[in-house]
Amino acid sequence: MKHSLTIALKSQSIAVERFLRVVRHRGFDLTHFQLNMDDGHYNVAMTVDSDKPIHLLTSQLNKLVDVKEITLQNLQQQAV
């Protein structure tokens, strides 16, 4: 299942590294990634793909001190 996430992060390069490490460790494939800086913080727009429930990723990302906000949108389900 593909999911589109928009995340606001602190504007530190280590914040992006931590964030991407969590995505990788949770077993989600990153299919799209866009990083912009706005008003002193990073805005990340990304699409992930996995058979795992998305809440496994979003709950871990919310625990990161660098993450300010997460917006989630369900894109499509994979055909079985």
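The protein goes by Acetolactate synthase 2 small subunit in an unreviewed UniProt entry, where it is assigned to Pseudoalteromonas marina.

A.B. asks: Can you walk me through the overall build of the protein in this structure?
C.D. replies: The secondary structure content of the protein amounts to 2 helices and 4 strands. The order of helices and strands in the protein, counted from the N terminus, is β-α-β-β-α-β. A principal-axis box enclosing the C-alpha atoms of the protein has dimensions of 40 × 20 × 15 Å. Residues counted as buried form 35% of the 80 residues belonging to the protein. Expressed as a percentage of contacts within the protein between residues at least 6 apart in sequence, the contacts between residues at least 24 apart total 69%. Averaging the locations of the 9 positively and 8 negatively charged side chains of the protein gives two centres separated by 8 Å.

A.B. asks: Would you explain the environment of Leu 56 in this entry?
C.D. replies: Tracing the sequence through the fold places Leu 56 in helix α2 (residues 55-63). Among the residues examined, Leu 56 registers a relative accessible area of 36% and is labelled partly exposed. In this structure, the C-alpha to C-alpha distance between Leu 56 and Gly 27, residues 29 residues apart in sequence, is 9.7 Å.

A.B. asks: Sorry, what's going on with the confidence of the model for the protein here?
C.D. replies: The predicted coordinates of low-pLDDT regions are not to be read in fine detail. Looking at the protein, the pLDDT average stands at 90 and 92% of residues meet or exceed 70. The least confident element of the protein, judged by mean pLDDT, is strand β4 (residues 67-76) at 84; the most confident is strand β3 (residues 41-49) at 95.

A.B. asks: Would you explain a nonpolar patch on the surface in this entry?
C.D. replies: Taken together, the side chains of Leu 30, Phe 33 and Leu 35 define a hydrophobic patch exposed on the protein surface, amounting to about 230 Å² of accessible area. Its relative accessible area of 37% is what places Leu 35 among the partly exposed residues.

A.B. asks: Can you help me understand the pattern of salt bridges in this one?
C.D. replies: Side-chain pairing between opposite charges can occur once the charged atoms of the two side chains come close. Counted under the stated rule, the structure contains 1 salt bridge. The partner of Asp 66 in a salt bridge is Arg 18, and the shortest N-O contact between them spans 2.4 Å. Of this pair, Asp 66 sits in the loop between α2 and β4 while Arg 18 sits in helix α1 (residues 13-25); the two residues are 48 residues apart in sequence, bridging distant segments of the chain. You can call Asp 66 buried: its relative accessible area is 3%. Here Arg 18 falls in the partly exposed class, since its relative accessible area comes to 32%.

Rules of the game
Residues numbered from 1 in each chain as written. Predicted model: local features only at pLDDT ≥ 70, side-chain atom pairs only at ≥ 80, totals over all residues. Heavy atoms only, no water. Helix = DSSP H or I, 4+ residues; strand = E, 2+ residues; numbered from the N terminus. Buried < 20%, exposed > 50% of the residue type's maximum accessible area, 1.4 Å probe, protein only. Contact = heavy atoms within 4.5 Å. Lys, Arg positive; Asp, Glu negative; His and termini not counted. Charge placed at Lys NZ, Arg CZ, Asp CG, Glu CD. pLDDT = per-residue confidence, 0-100. Patch = residues over 30% accessible without salt bridge, like charges linked within 9 Å, V, L, I, M, F, W, Y side chains within 5 Å. Areas by Shrake-Rupley, 256 points an atom, 1.4 Å probe, with all protein chains shown as cover. Salt bridge = Lys/Arg side-chain N within 4 Å of Asp/Glu carboxyl O.

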